[in-house]
Amino acid sequence: MDPGGEHRQQLRSLRDFLLVYNRMTELCFRHCVCNLNYRLLTGREESCLDRCAGKLVHSNHRLMAAYVALIPAVLQRRAADYEASAAAPAPQREAPAPQREAPAPQQEAPGPQREAPGPQQAAPGT
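As a convention, each chain's residues are numbered from 1 in the sequence order in which they are written. The predicted origin of the model limits local features to residues at a pLDDT of at least 70 and limits the giving and counting of side-chain atom pairs to 80 or more, whereas totals for whole chains, interfaces and linings rest on all residues. Hydrogens are left out, water is left out, and the side-chain values use all remaining heavy atoms of the structure.

Now for the pattern of salt bridges. Every case where a carboxyl oxygen of Asp or Glu lies within 4 Å of a side-chain nitrogen of Lys or Arg is listed as a salt bridge. Counted by the stated rule, this structure contains two salt bridges. In this structure, Arg15 and Asp16 form a salt bridge, with 3.2 Å as the shortest nitrogen-oxygen distance. Type-normalised accessible area, obtained with a 1.4 Å probe on protein chains alone, sets the label of each residue: buried when under 20%, exposed when over 50%, and partly exposed for intermediate values. Look at Asp16 and you get partly exposed, because its relative accessible area is 35%. For Arg30, the salt bridge identified is with Glu26, shortest N-O distance 3.2 Å. Note that Arg30 and Glu26 are positioned in helix H1 (residues 3-32) at a spacing of four residues, about one turn of the helix. Classification of Arg30 by relative accessible area gives exposed; the value is 63%. Helix numbering and strand numbering both begin at the N terminus, where a helix is a DSSP run of H or I of at least 4 residues and a strand a DSSP run of E of at least 2.

Structure, rendered in structure tokens:
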């Protein structure tokens, strides 16, 4: 892998981590902290935050474990689909339907021709 691609992957991983961390912090803060009158957290708030963060970290670990276990099967299915589509002959295109000639535009019956409207003339007496 080229150094630029590796650097982009590291930045993407850091961004993903920070998004999860910020979301977890916001959820737990809203759920647990109800009184902003004191500089320090109360014991109840602190234990609530510990439980909340622990639950979210545990569920994130379980989710990632399921994802890691599922990915090989997904990649294998994609590879099989790709091989099948590459091995199958390209579908033949249907011959285009013969085009009909467009009907000739109808001509208007001869009659008095109207002139294009010109600039408006001033009314008499003005």
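Before going further, it helps to examine the state of the cysteines. Among covalent bonds in proteins, the disulfide is the one between the sulfur atoms of two cysteines. Disulfides are defined as pairs of cysteine sulfur atoms found within 2.5 Å of each other. On inspection of all chains with the given rule, the structure shows two disulfides. The disulfide partner of Cys28 is Cys52, and the S-S distance across this bridge is 2.1 Å. With the S-S dihedral at roughly -85°, the linkage between Cys28 and Cys52 falls on the left-handed side. Placement of the pair is Cys28 in helix H1 and Cys52 in helix H2 (residues 43-87), with a sequence separation of 24 residues. Both residues of the pair, Cys28 and Cys52, belong to the buried class. Residue Cys32 pairs covalently with Cys48 via a disulfide, S to S 2.0 Å. Taking the sign of the S-S torsion, about -65° here, the bridge from Cys32 to Cys48 comes out left-handed. One end of the pair, Cys32, is in helix H1; the other, Cys48, is in helix H2, and 16 residues separate them in sequence. In this structure, Cys32 and Cys48 share a single accessibility class: buried. For the protein, the disulfide bridges join cysteines in the arrangement 1-4, 2-3, where the cysteines are counted in sequence order.

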